[in-house]
Each structure stands twice: as structure tokens, then as C-alpha cells.
2 protein chains.
Amino acid sequence: MYRPLASISNKFRNINNFSSIERSYQSSKALPDLTKDRYAVQRGDFSEIKNSDIKHFESILSSSRCITDKSDIESYNVDFLGAVRGYSQVLLKPKTTEEVSTILQHCNSRKLAVCSQGGNTGLVGGSVPVFDEVILSMQLMNKIEHVDEMAGILVCQSGCILEKLEEHVSERGLCMPIDLGAKGTCHIGGNVSTNAGGLRLLRYGNLHGNVLGIEAVKADGTILDLMSNFKKDNTGYHLKHLFIGSEGTLGVITKLAIACPTASKAKNVAFLGLESYDALLKTFLAAKRDLGEILSACELIDSESLKVSTQQYNLTSPISEYPFYLLLETSGSNAEHDEEKVSNFLEAAMNRGDILDGTVSSEGNKVAQMWQLRESIPTALIKEGYVFKYDISLPLSHFYEIVPVMRERVGDLAIRVCGYGHIGDSNLHLNVSCTEFNDNIYKRVEPFVYEYTSKLRGSISAEHGIGFLKTNYLKYSKQPEALDLMKELKTMMDPNGILNPYKVLPRNT
Amino acid sequence: MYRPLASISNKFRNINNFSSIERSYQSSKALPDLTKDRYAVQRGDFSEIKNSDIKHFESILSSSRCITDKSDIESYNVDFLGAVRGYSQVLLKPKTTEEVSTILQHCNSRKLAVCSQGGNTGLVGGSVPVFDEVILSMQLMNKIEHVDEMAGILVCQSGCILEKLEEHVSERGLCMPIDLGAKGTCHIGGNVSTNAGGLRLLRYGNLHGNVLGIEAVKADGTILDLMSNFKKDNTGYHLKHLFIGSEGTLGVITKLAIACPTASKAKNVAFLGLESYDALLKTFLAAKRDLGEILSACELIDSESLKVSTQQYNLTSPISEYPFYLLLETSGSNAEHDEEKVSNFLEAAMNRGDILDGTVSSEGNKVAQMWQLRESIPTALIKEGYVFKYDISLPLSHFYEIVPVMRERVGDLAIRVCGYGHIGDSNLHLNVSCTEFNDNIYKRVEPFVYEYTSKLRGSISAEHGIGFLKTNYLKYSKQPEALDLMKELKTMMDPNGILNPYKVLPRNT
């Protein structure tokens, strides 16, 4: 029987804001090894920063926004996972596109490497320097320029925090087409640079569809105004897509326009317990059919994933233990209609025996509590020590099989192997947690996970991107001709290779 | 009062299939002037076809798919609008990607220019040769390879006709994310190459969001396998977007994977009469708010547009005459819920006085009849003689103003000036019809329409693309830095410039 959420405890804490967790996590741990040592990378043929460069940057930004104090820079040198660490000595905080342009012009002429950084919540080491790249933090480029309420369009600088944008547009009856766990810290510019997926992709599609216009600065400082405030614009090559998902290696995004759908009036979330992956898949397919246009999220959580989130954050599950859980969300314009659809769907699925137990609610705080169980998983895993994270697209018919296979491969070496993620988008998050980075596990897991994914013609990076950590595995998802074209593009856009070097493109080239 | 559609006459004919109209239209008219004469274009530095080239093509395709008979090629040399005409002497019909690759390899080494052609329903002269380019027709590359019903994904060759794909996936409970008037003739490859918009964009978004994978052949014959059958794939640069909307100038699309949403069980269409553009805008905004997730199309039709479609095709309007009409469509998973939403919305709008009259139906043939009134407008205008067609994105606050302005500019020279289009996407189709091409009208209309659009920061081509007819106006929507990058890309991808020359990029460069 599914039942209302009245019985859920109120122990849930609000952890939407990643920053606090991140900070407490980072301060409680030793710094990771320097990337150059752990991964034996060779520094590119770039110049080293001189005093004259610092003076030049100070003349552009004033000294308050040109930071050289080592301890002030430290957190910008280390990634969120504690997996990679650079040793940049200059952190720049521009406020305008023109400042970004002047900085890049200088770096390009001096052959100084640059790492542009958003909220630094990336999971593949793409957002921190590998060596001593100049860090270009976008955090002060956080102006919301305009919201067109009629057309549903937001125009803002790239350093705006996703959650702030959501608040801003929701006051105007709209919502952001993207939502993810790191919303309290991540920048919209970082989301776009990495083509972040997240929790609403099932409903609103990806950023290639939702970003209407981009302003970006090329490596040589040229400002590219590719802004369009319209959903349709077929004037020449669709250049903005060069910057979506290229992780800051082809240019620095400074401004963007994004389509914002009408906010839904009603929301329902169901948290369901299931016996097997087969039952879960059946339930998902029934949800697509029965809930149709109001289905807005469909998240698989396996028992290990729920365990880690409840244990690490002292959360309570609203239902008892099952091998699998499914979190379903609907968003619609009519609460009564939505509730009827959800009830009919759940009743039929329980009658078929697909769902064993479950709970459903439309109340704001209950909905938040159920989401918290899902959204806490990534950081809960990090709290256990070190996490090997894999983010893969797999056919639904073979979606979960890799989790038990991996469990067997790593055996007792790991604390846990778990799988969760966006089954609605065929996107599995496979995680292996251990007390600290462990080369033995590393070798058992990689490249096996990529080979496995490649055999099923899956994607070795569904949403996290390639960053630094996955460059050498790119070949498992990209053909040689495509890699060649990537290199040609990089050379054309950034002939000196100063933008986010050692990232995205395979290093052996 | 709105009322059911029982009173509508049954005079409507099915004109979904563009081909029959096109053929009867073309055969009833004299051929247009050769493009090179009418537009005084200079032939590029390409080789001319020799007998040895023909022999080579025949060795690849056999003679039955290498056509050199002048009368057989004629209809491939003339565009749908009768606005442009080339004089190609070779028409090739490959069936496989390898054949396309071998053909392009030869053309590139010989510096033979190539015009790839889908269903030839484009409206900007992009799909026919300007001079004697080899025509590469994709019409025999029409295999449907695979439908993944669980994930909602279709994989097919690029020469598949959109309507056939719709039929194929609808038998499997899915629908195509794109629909347009030319569906009976246009190819999915042409849709993707031109980033076609159409009638469902409001609901399902654009092709950049919906195309999951592309296989394309580069100018030098290299086959690029950028296929992905997943909604999420962040492995390296998102190269497929280079081919979406670049109108065959950067490569030839041979295969693709596209996301297909679950087909809606219920559909409602309302055809409404309104007094003013203001009332129409108010009604659209209320529809967005009240119909939310089930709103699937929102089309403005002005009185002149409805007149031409009813007159030319002997159709009957279901309501009496008004200055404006709004065609609203909803698609959803629950007929009862949808009808309730639509009724509530319409009643409120009528009570406010925004809607003066209207009719609504969920019956298949009535729905088709109402759509026919809208979908017949483009071809009805062509039947009047020659049409100057403009397809612009404009802010909703100034959306319709250009129509009366243009009416005054051309005065009695035109048969009619009318405006219709996708108000839901801020996309207006402005048309000026006359008995035949008229230089006097041409000069009154262009570049005025582009200057006007540019002043409002609109797009001079919302969905039709640039093709041949709009290359010199691209500057009104693209900054010089963007044009430079376009040229760099073209040079990188197609150094000999053999792919669809004289198109998209400004000719004076």
C-alpha cells in the first residue's frame, strides 16, 4: 500500500546548498596530491607568470580582483571531489566581458595558459588548473540582465548561480529548464560549458535545445556576440553550440540567453520500493505512457545508494528497505488532474505487483524531503572518503547489469559499489567509494568500465563531461575521424592552446 | 459563443502531401529565369563535368542512379517556389553512406561543386544548384534502421520522408518531434540540415535538442560517425551540431538518430476569432498559463492569410470573418482532463472578451480540417503567382506591426500582404504575393524588411535558413566576428568549397 507522507520524520536537513558541504568536506581532509604527480602529466609549452604579467592584470582589474595570495587561491586549485589539484599562482575575477577579452588577449600574446572556472562543482577535474594555469573565475560576472516574461527568456552573465536564477525567474512565473544537485554553487556558465544534464532533462530537454544565445570570448580576446533572444534563429552556422559542452577549451562564455518554461502550479513526488530492476523498468515505461506530459523526473536509486544517503546525513526513508527505489516527479498546471493521473498510475502498478510499497506527496516540504534522499547521494559518497565516479549512458535493457558486475570486480577493496541516476534518460551514475584513493581499485575499475560501456555502444560520459580525468578514455566513445575533427577545431579556435589545456582532448596528441 | 464543428462543410481536400501541389504548380508555369542571370552571380572556380566524371559516377552507382537526361533533371534544378533555377547536368542517387563518400572523394579531388538535395521543399533556394553543381539527391537513402520503443529513439537514413517516419513511429506509440506543412515531401535529412522548426517546436523544442546522433560525410569523403542513441552524451566536442542548420555546406548528413516523444492520446484544436493583435497576444499568454504542458501549437493567422487559403483551395472557415484568428492545439495523455482544461480556458477568455467567436474539436477529421486552413496558406499564396516570403523572429510586443507597415509600402503593386505563423515561438511569416516576380516590389521590400528586423534585434530567418536567397542579408543578424568564424569553419571543413557553394555564406567574400 502506498500511503501519505505524514509519518516521515522531520530529521531531514536542507542540503540543497552544496557550498557548505563542500567546504566542511574540504577542510576536514588533507589536500590531494598534485595532479601532475598523481597522473604524471607533462606541462605544456606555456610561459610562466612574471611580475610584469601580474602588474598588467592589476591594471585591468585592480589588485582586489587579481589575487596572488597562496591561501586565497588554494580552494580554486582543488576540485570538488578532491581528486585533482593544480598550483596556479594567479586568480583573476573579471566583472565584464571586456575585461575577459583584455585578459585573454594578454594571455594569448604571452602564451600563458588559462583555466576558466565557474562554481567548481565539476566531477571530472575540468574546472581546476593542472599546473600553474591562470585561473579565470567567473564568480563576479553574476548580473541578471533581463527576463522576458511573455516569451519566457532569461538573459544573464555566465557567473550567475543556478539556484539564484531559479529564484529570480520563479518570481515571474517561470522556471529554469535545468536543475541539479549542485544548484546552490554551480554557475549557469559552467552548466552550459559542460552541457550539464541534471534532473529536469527528461521534461525540458538538454541545453543545446534551451540555450538561445551565447556571448563568448575567443582565446585571442575576440568577443563573439552570438546572442539571440529567440527560440528560432536560422541565420548561418549555429556557432553557439561550439561552446556548449566544450568545457572552456574553445572559448569563455560570458553571457547567455536561455529559454525558461512556464513554472508548474502542481508538483507530485512518489517514492516507490521495488523488488527488481525489471519491475522498475516496467514501472518507468508505464509512467511514460500514463503520466505522459506531466512526468518531470524519473530517478533510479538502488539500496546501497539510499543507505549511504540516509546514513551519512541521518535521513529517514519514508518506506522500508527494498532492492530498488524509484523517485517519480510530475509537474503540471492542474493539481486535481495531476493527482488523479498519479493515483491511477500508482494503483495500476501496485495491482500488477510491480510496486511493492510507496509514498506520494504534493506538499512542498515532503517533496523536498524525498528529493533530498536522492540529491544527497553524491555528497554522502564523498563523505565516505574517495569516490570513483562513472556517469554512463547505457541501453535500458542492460542498464543496471554493470553494478553487480563491478561489485564483484572490486570485492572487499571498496566500501560500497552503488548505482543511481536518471533512468528516464538512460543515464546511470555508477560509484565506487573507498576510504582514500586506491590504485588497486583504480586498475580494477578502469578501463574496464569504459570497455564495458563501449561494447554496448553507450556513452562513457553521459553528463559529467571529459574534463581532465577522462581524456584518455575518450576513444571509447569517439571514432578517430571525430577526434581528428575535434583537434582541428581546437587548433582553429585556439592556435596557442591556452584555453583549459590538458582537458577534453586526449593528452597523447 | 464557441460551438462544435458539426456545421463545417466537408469541402476540405487533403493537401498534406505537398508533392501533388508542387507538381501541378510547377507544370502550370513557365520556368523561372536562371539564377545566374536573375541574380547576376559569378560562377566559382570549379571544374566542369567531363565524360570521364560521368563514367566514374556510373561505376559507383550504375547508370540507373546516375542521371544525365536533361528532362529528368529539370525538376531537381528548380526550387519549390520557382524563385531560382540552376542547370546541373548530372543527378546522382546514392543508396549508402559509402557511395556518398566515394562520390564526394571524387568531386573533391576534381574540384567539382556539389549540391545535396533532400525533398527540395526549401524556401530560400538552398536545395537546388546555382550553376552546374552535381546534384546529390538523397531520395534513395530512405531506410528506417531501428526504433527503440522503450527509450523513444528512431535511427534512419537521411532521405526518409518526414510523414513516413511519423507513420512508422506512431504505430509504435511514439511521434516525431517535428511536423511541418511539407511533411509529405521533405526529408528528415533536409529538416536537420536546415534546422527546420515547424508546428511542434513550441512543445518539443528544436532539432538541436532532439537530434541525438548524426552520421555525415565531409567534403573530402571522410565518414564521420557521430551517432549516439542516447539523450545524454558529453564525450568531447558536440560535433553533430556543426551539421544542424549549416544547410549542407559543411558536410552531407547520411544517417541520424532522433528522440521521439510518446504519442499523445488526446488532441484538441480550437479555431478562434479575435478583434486585434492585442487580444490575440493576451489569449496566447493565457493559454501558456492555463494549458501549460498540454499546449502543443499556437498559430496566428491574419484575415488576409485565411482568405487566400480558403479562396485558393475552396475551403470553408468554421467561423465568420475576424481581423485575426488563433489556432490552438493541445496534446495530452488524458482526453477528459484536456477537454476540461481547454473548456475552462476558452470560457474565461470569452468572458474577458478576448475571444469573439470560436470552435473546438477533438475529432480527427475536424482537427485535420482546421489545421488545413493554416497549412494551406503557403501553397495558396504560391498559386497566386510569385511570393516574396519572409520568415522572421520578432519580440511579441512588436510582432505584427510590420504587416500593416509593409502593406503601405507596397500598396497596389502586390496582390496581398499577409502575416501568419508561430506566435508561440515569436516567429512571423510575412508574405507579399504578386502575379509574377516584380523588381519594383522587390526593392520596396528588401532590404527594408531586414533593416526593420535588425533594429528590433530579431532574426531575419527564424526557420527557413539562409540558402541562396538571403546570403547578402546575413549581416543583419550576424556580427562581423561571427561571420569571420563561419568562414574559418567552412575553410576548415571544406577547403575547396565544393559543398553547396553560393549558399549560407555571404557571396562577396
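Since the model is a prediction, treat every value here as computed from it, not as a measurement.

K.L.:
Explain the overall build of chain A to me, please; I cannot follow it from the model alone.
P.N.:
Secondary structure summary: chain A contains 18 helices and 17 strands in total. The C-alpha atoms of chain A give 23 Å as radius of gyration, which agrees with the globular expectation for 509 residues (23 Å, within 12%). When the backbone C-alpha atoms are referred to their principal axes, chain A occupies close to 70 × 55 × 45 Å. The buried share of chain A, reckoned over its 509 residues, is 65%. At a minimum sequence separation of 6, the contacts of chain A that also span at least 24 residues come to 76%. One finds the centroid of the 54 positive side-chain charges in chain A at a distance of 3 Å from the centroid of its 61 negative side-chain charges.

K.L.:
Explain the domain arrangement of chain A to me, please; I cannot follow it from the model alone.
P.N.:
All names here are of chain A. Under the domain assignment, chain A is made up of domain 1 (5-23 + 264-377), domain 2 (35-137), domain 3 (144-259) and domain 4 (385-477). Contact residues are listed per partner, giving 15 residues for domain 2 and 16 residues for domain 3. A buried area of about 1,100 Å², summed over both sides, lies between domain 2 and domain 3, and 63% of it is on carbon and sulfur atoms. Looking at the side of domain 2 facing domain 3, the largest losses of area belong to T97, L104 and T121, adding up to 37% of the total buried there. At the junction of domain 2 and domain 3, the tally comes to zero salt bridges.

K.L.:
Help me understand the pattern of salt bridges, please; the structure alone is not making it clear to me.
P.N.:
It is possible for side chains of opposite charge to pair when their charged atoms get near one another. Tallied over the full model, the rule gives 53 salt bridges over all chains. As a salt-bridge pair, E488 of chain A and K218 of chain B come within 3.6 Å of each other at their nearest N and O atoms. Separated into two different chains, E488 of chain A in helix α18 (residues 480-493) and K218 of chain B in the loop between β8 (211-217) and β9 (223-226) make up a pair that spans both. Assessed through its relative accessible area of 29%, E488 of chain A is described here as partly exposed. On the basis of relative accessible area, K218 of chain B is assigned to the buried category, the value being 9%.

K.L.:
I'm lost on the sheet that holds β9 of chain B in this one. Help?
P.N.:
Each strand in a sheet pairs with another by means of backbone hydrogen bonds, the pair being arranged parallel or else antiparallel. Residues and elements named next belong to chain B. If you trace the five strands from one edge of the open sheet to the other, you get β6-β7-β10-β8-β9, paired in antiparallel fashion. The open sheet has two edge strands with one neighbour each: β6 (144-148) and β9. Neighbour-to-neighbour, the strand axes of this sheet turn through a mean angle of 10°, independent of strand direction. With five bridges connecting them, strand β7 (residues 153-157) and strand β10 (residues 252-259) associate as antiparallel partners. Within β10, the residue paired with C156 across the bridge is L256. The sheet contacts of helix α6 (residues 162-170) involve β6 and β7, and relative to β6 the element is tilted by about 40°.

K.L.:
Help me out: how do you make sense of the interface of chain A and chain B in this one?
P.N.:
The parts lose accessible area when they come together, and the size of an interface is often stated as this lost area. Counting from both sides, the interface comprises 89 residues of chain A and, opposite them, 89 residues of chain B. For the chain A and chain B pair, buried surface summed over both sides reaches about 6,900 Å², with 59% attributable to carbon and sulfur atoms. Linking chain A with chain B are eight salt bridges. One salt bridge in this structure joins D225 of chain B and R457 of chain A, with 3.9 Å as the shortest N-O distance. At the junction of chain A and chain B, the tally comes to 40 residue pairs in polar contact (both at pLDDT 80 or more). Looking at the side of chain A that touches chain B, the elements with two or more residues in it are α8 (201-204), α9 (207-210), β9 (223-226), α10 (277-291), α12 (335-351) and α18 of chain A. Counting residues per element, the side of chain A that touches chain B draws most heavily on α18 of chain A, at nine residues. Grouping the amino acids of the side of chain A that touches chain B by side-chain chemistry returns 32 nonpolar, 35 polar and 22 charged.

K.L.:
What is the right way to look at the packing of aromatic side chains in this model?
P.N.:
Geometry of an aromatic ring pair is reported as the spacing of the ring centres plus the angle between the planes. Residues and elements named next belong to chain A. Within this structure, the stated rule accounts for 36 aromatic pairs over all chains. On the basis of an interplanar angle of 15° and a centroid distance of 6.5 Å, the ring pair of Y277 and Y400 is categorised as stacked. Taken together, the residues Y277 in helix α10 and Y400 in the loop between β15 (386-393) and α15 (402-410) connect sequence positions 123 residues apart. When its relative accessible area of 12% is taken as the criterion, Y277 is described as buried. Residue Y400 is classed as buried on the basis of its relative accessible area of 10%. Taken together, a centroid distance of 5.9 Å and an interplanar angle of 50° make the contact between F448 and Y452 tilted. With F448 and Y452 both in helix α17 (residues 448-455) and four residues apart, the pair spans about one turn of that helix. Grouping residues by exposure puts F448 and Y452 together as buried.

Rules used throughout
Residues numbered from 1 in each chain as written. Chains lettered and ligands numbered in written order. Predicted model: local features only at pLDDT ≥ 70, side-chain atom pairs only at ≥ 80, totals over all residues. Heavy atoms only, no water. Helix = DSSP H or I, 4+ residues; strand = E, 2+ residues; numbered from the N terminus. Rg over C-alpha atoms; globule rule 2.2 N^0.38 Å. Buried < 20%, exposed > 50% of the residue type's maximum accessible area, 1.4 Å probe, protein only. Contact = heavy atoms within 4.5 Å. Lys, Arg positive; Asp, Glu negative; His and termini not counted. Charge placed at Lys NZ, Arg CZ, Asp CG, Glu CD. Domains from an automatic or database assignment. Buried area = accessible area lost by both parts, 1.4 Å probe. Salt bridge = Lys/Arg side-chain N within 4 Å of Asp/Glu carboxyl O. Pairing = 2+ DSSP bridges. Axes fitted to C-alpha atoms, helices over the stretch in contact; angles between N-to-C directions. Polar contact = N/O pair within 3.5 Å; in protein donor to acceptor, adjacent residues only side chain to side chain. Nonpolar A, V, L, I, M, F, W, Y, C, P; charged D, E, K, R; others polar. Phe/Tyr/Trp six-rings, centres within 6.5 Å; stacked < 30°, edge-to-face > 60°.

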